[in-house]
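# Summary of the model geometry
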Amino acid sequence: MGQPKMLLPWGKITVIEQVITTFRAAGIEDILIVTGGAHAEVEKVIDPYWIRRVYNTHYADGEMLSSLQCGISAMSERVQAALVSLGDQPQLQEASVLAIYDAYRASKSGLIVPSFQRRRGHPWLVARSYWDEILSLQPPETTRDFLNRHAGEIQYVELDTPTILADLDTPEDYRASHP
């Protein structure tokens, strides 16, 4: 991208601010941002939102798994489940976040994953009962490996929006979806 994805403009705000705004609009107040590259710049942008944050010192060599592990490790004892989202997914819709959260409140299922046309997306929810296993994963294992291992335990929430699959991996992704 040539610059940190989370700091790219998204309308009048940045990509990460849009993600925060979406979660807050869905009623999620306890938000933890895991920063890595450009963490000082990202933290400066999110300061006005009073968001908890933790710096992943292994961001450069750990892929998404190390960020998830860092975030889970920073959770307080009172947290029983976490929504796992991408920081470069500003297309995410409030209704999608609500659907996952509502499914958890109704079922207390330990793994809840949104699906669009039978493809897994974000945010997905993981209960504390799985956290030790996630914390013990070692590269080259990934979160996909974890979810595949527990495929029979996942409660899928079928959503009618491809935004749960979209993120900003390339300049073309950004240009195609930028508001």
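Residues numbered from 1 in each chain as written. Predicted model: local features only at pLDDT ≥ 70, side-chain atom pairs only at ≥ 80, totals over all residues. Heavy atoms only, no water.

Its location among the elements puts Tyr-130 in the loop between strand S8 (124-127) and helix H5 (131-136). Judged by relative accessible area, Tyr-130 falls into the buried class, the value being 12%. Sequence-wise, Tyr-130 and Leu-111 are 19 residues apart; in three dimensions their C-alpha atoms are separated by 8.5 Å. Apart from residues no more than four positions distant in its own chain, Tyr-130 is found in contact with Gly-110, Leu-111, Phe-146, His-150 and Glu-153. (Helix = DSSP H or I, 4+ residues; strand = E, 2+ residues; numbered from the N terminus. Buried < 20%, exposed > 50% of the residue type's maximum accessible area, 1.4 Å probe, protein only. Contact = heavy atoms within 4.5 Å.)

On to the pattern of salt bridges. Overall, the coordinates contain eleven salt bridges when judged by the stated rule. The closest approach of N and O atoms between Arg-52 and Asp-30, which form a salt bridge, is 3.1 Å. Here Asp-30 lies in the loop between helix H1 (15-25) and strand S3 (32-35) and Arg-52 lies in strand S4 (residues 52-55), a separation of 22 residues in the sequence. Residue Arg-52 is classed as partly exposed on the basis of its relative accessible area of 33%. The class for Asp-30 is partly exposed, based on a relative accessible area of 36%. Ionic contacts of the salt-bridge type, sharing partners, join the residues Lys-5, Asp-88 and Asp-169 into one network. (Salt bridge = Lys/Arg side-chain N within 4 Å of Asp/Glu carboxyl O.)

Before going further, it helps to examine helix H4 (residues 94-107). Across its 14 residues, H4 extends 20 Å between first and last C-alpha, which sits within 8% of the 20 Å expected from 1.5 Å per residue. Restricting attention to buried positions, one finds in H4 the residues Ser-96, Val-97, Ala-99, Ile-100, Ala-103 and Tyr-104. Across the axial projection of H4, the buried residues extend over an arc of 160 degrees, all falling on one side. For H4, the exposed residues set more than 90 degrees away from the buried face come down to Ala-95 and Ala-106. Contacts from the buried residues of H4 go to H1, strand S5 (81-84), strand S6 (111-116), S8 and strand S9 (155-158). Looking one or two residues past H4, Lys-108 carries a phi angle of roughly 55 degrees, positive in sign. (Expected span 1.5 Å × (residues − 1). Arc of directions from axis to C-beta.)

The step from His-122 to Pro-123 runs through a cis peptide bond, and the omega angle for that step is 0 degrees. With respect to the helices, strands and loops of the structure, Pro-123 is situated in the loop between strand S7 (119-120) and S8. Across the junction of Pro-139 and Pro-140, the peptide omega takes the value 15 degrees, indicating a cis bond. Counting through the fold element by element, Pro-140 comes out in the loop between H5 and helix H6 (143-149). One non-glycine residue, Lys-108, adopts positive backbone phi at about 55 degrees. Along the chain, Lys-108 falls in the loop between H4 and S6. Owing to a relative accessible area of 53%, Lys-108 belongs among the exposed residues under this scheme.

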